[in-house]
Amino acid sequence: MKLIVLVIYVLCEFEGIVSSENDEIINSISSKSIYSPEIHAELFSPSLGLTWDHYLTLDEINNFIDHVGEKYSDFVTVHVAGYSDEGNPIKIVEVLSGNRSANKIWIDGGIHGREWVTPSAMLLILFQLVVRRESNSEAMRGVDFYVCPVINPDGFDYSRRFSKFWRKNRRVINNHCLGVDLNRNWIYQPEHSDVHEEKCRDIYPGPFPFSEPETQALKTFLEQNKNNMKAFLTFHTFGEMIMIPYGYKSALPEDYDDLERLANHIVQNITLHGGPQYKVVNTYDYSGFSVGGLDDYAKEVLGIKYTYTVELRDNGTYYFFLPEHLILPTSIDALVVAATVAEEVYRI
């Protein structure tokens, strides 16, 4: 499998991007490091306020999404899948290969409010897919991507502005409790109903599957676009892990060996490109029983073969809030994951 290498410099290819001494992103195929502290530089657009050296606001994220949708409308479409409880749009960026029968990859972040680095990682992937399209590998250009940078805009915005450890959405549950864990609101069995009683917990799954406007919107979009969807990558922090379904049951997927093989290759590529040593784990074995996960829904219900939850940096030193100088290298880890999976999906 080819290795995608990206040495990150400042890019001045589209409006507002300001260059440094080396004003390009170099994309080539080799085994060199994708990230080196000596050579990486900031990626930023003063006109959009977009940068990978600080945590982004919801407005910055949406502005960037709208910008690439308008500037690259010949192959990029921005969909509004629906709206959150507080009325924020849930945006999905479709990046087309031009091949009507192309395989598809879904990528998302920001399902938990406090996982601030994941939307930044999603935007770096979009930056490479869209702005640096011509420098990508044949596989990256030959796959259709669907990228949802922030599944939980209300929770993300509230965490950024008011209470940084906030995890859930912001829907009022009762006089004492607020919010549903959107990563527990997908599928679960009737015998697990006891978890519904703890409404104030961070992992409260809601009264029933798809009780939330955010999960309802994504469910509809995914069902409409699942044909040829061969990979599903949902990004979280923290833990440095590639997690293989399932979480809601101990049984392994029938194609677990295939999932483990590709996961091990992802880990190898992250390390080869300068990242830390991620672990490959089964969700149930590592975390124990967990209901309603988005990855379980993607694998079990939608039948998407290469489904993973990716826990980005770090291993617990900083918990959810990495120092700002780690935002870019952590985002590059996510880019390596996407590029490695694309090489596999392109050949299916």
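Definitions and cut-offs
Residues numbered from 1 in each chain as written. Predicted model: local features only at pLDDT ≥ 70, side-chain atom pairs only at ≥ 80, totals over all residues. Heavy atoms only, no water. UniProt positions renumbered as here; feature names shortened; annotations may be inferred. Pairing = 2+ DSSP bridges. Helix = DSSP H or I, 4+ residues; strand = E, 2+ residues; numbered from the N terminus. Axes fitted to C-alpha atoms, helices over the stretch in contact; angles between N-to-C directions. Phe/Tyr/Trp six-rings, centres within 6.5 Å; stacked < 30°, edge-to-face > 60°. Buried < 20%, exposed > 50% of the residue type's maximum accessible area, 1.4 Å probe, protein only. Lys NZ or Arg CZ within 6 Å of the ring centre and 35° of its normal. Core = buried A, V, L, I, M, F, W, Y, C linked by side-chain atoms within 4.5 Å. Disulfide = S-S within 2.5 Å. Contact = heavy atoms within 4.5 Å. Polar contact = N/O pair within 3.5 Å; in protein donor to acceptor, adjacent residues only side chain to side chain.

An unreviewed UniProt entry annotates the protein as Peptidase M14 domain-containing protein originating from Laodelphax striatellus. Recorded in UniProt under Cofactor (unreviewed entry), the annotation for the protein is "Zn(2+)".

A separate point is the sheet that holds strand β11 (residues 279-282). Within the open sheet, the 8 strands sit side by side as β5-β6-β8-β7-β9-β12-β10-β11. Their pairing is mixed. The strands lining the two open edges of the sheet, one partner per strand, are β5 (76-83) and β11. Neighbour to neighbour, the strand axes of the sheet diverge by 20° on average, direction disregarded. Where strand β9 (residues 229-237) and strand β12 (residues 306-312) come together, 7 bridges link them in parallel fashion. Bridge pairing in β12 places Phe235 opposite Val310.

So, on to the packing of aromatic side chains. Counted according to the given criterion, the structure contains 17 aromatic pairs. On the basis of an interplanar angle of 50° and a centroid distance of 6.3 Å, the ring pair of Trp106 and Phe221 is categorised as tilted. In this pair, Trp106 sits in strand β7 (residues 104-108) while Phe221 sits in helix α5 (residues 213-225), placing the two residues 115 residues apart along the sequence. Each member of the pair, Trp106 as well as Phe221, is classed as buried. When the ring of Trp186 is compared with that of Phe210, the centres are 5.5 Å apart and the planes differ by 85°; the resulting orientation is edge-to-face. Here Trp186, found in the loop between α4 (153-161) and α5, pairs with Phe210, found in the loop between α4 and α5; they are 24 residues apart in sequence, far enough to count as distant. The ring of Trp116 is capped by Arg160, whose NZ or CZ atom sits 4.8 Å from the centre of that ring. One residue, Lys219, lies across the ring of Phe210, its end atom 5.3 Å from the ring centre.

Right, let's talk about the nonpolar core for a bit. Judged by nonpolar contacts, the single largest core of 67 residues is most densely connected at Ile105, Ile107, Phe145 and Tyr308. In terms of residue count, the dominant contributor to this core is helix α9 (residues 327-347) (12 residues). Core analysis: the second largest hydrophobic core is formed by 24 residues, Ile92, Tyr146, Phe210 and Ala217 among them.

Before going further, it helps to spend a moment on the state of the cysteines. Applying the stated criterion across every chain, the model contains 1 disulfide. Here Cys177 pairs with Cys200 through a disulfide, and the sulfurs are 1.8 Å apart. Measuring handedness by torsion sign, the sulfur bridge of Cys177 and Cys200 sits at about -70° and is left-handed. Taken together, the residues Cys177 in the loop between α4 and α5 and Cys200 in the loop between α4 and α5 connect sequence positions 23 residues apart. Taking relative accessible area as the criterion, Cys177 reaches 8% and is therefore assigned buried.

Our next topic: the UniProt feature "active site" (unreviewed entry) in the protein. Under the UniProt annotation, the feature "active site" (unreviewed entry) is placed at Glu311. A residue is classified by how much of its surface remains accessible, and Glu311, at 12% relative accessible area, is buried. Discounting chain neighbours no more than four positions away, the residues touching Glu311 are His236, Thr237, Phe238, Gly239, Glu240, Met241, Met243 and Tyr278. A distance of 3.4 Å separates the side chain of Glu311 from the backbone nitrogen of Thr237, its partner in a polar contact.

Here Leu58 lies in helix α1 (residues 58-71). Residue classification places Leu58 among the buried positions, given a relative accessible area of 8%. For Leu58 and Pro119, which are 61 residues apart along the polypeptide, the C-alpha to C-alpha distance reads 9.2 Å. Residues contacting Leu58, with those up to four places away along its chain left out, are Asn88, Val150, Pro153, Phe156 and Asp157.

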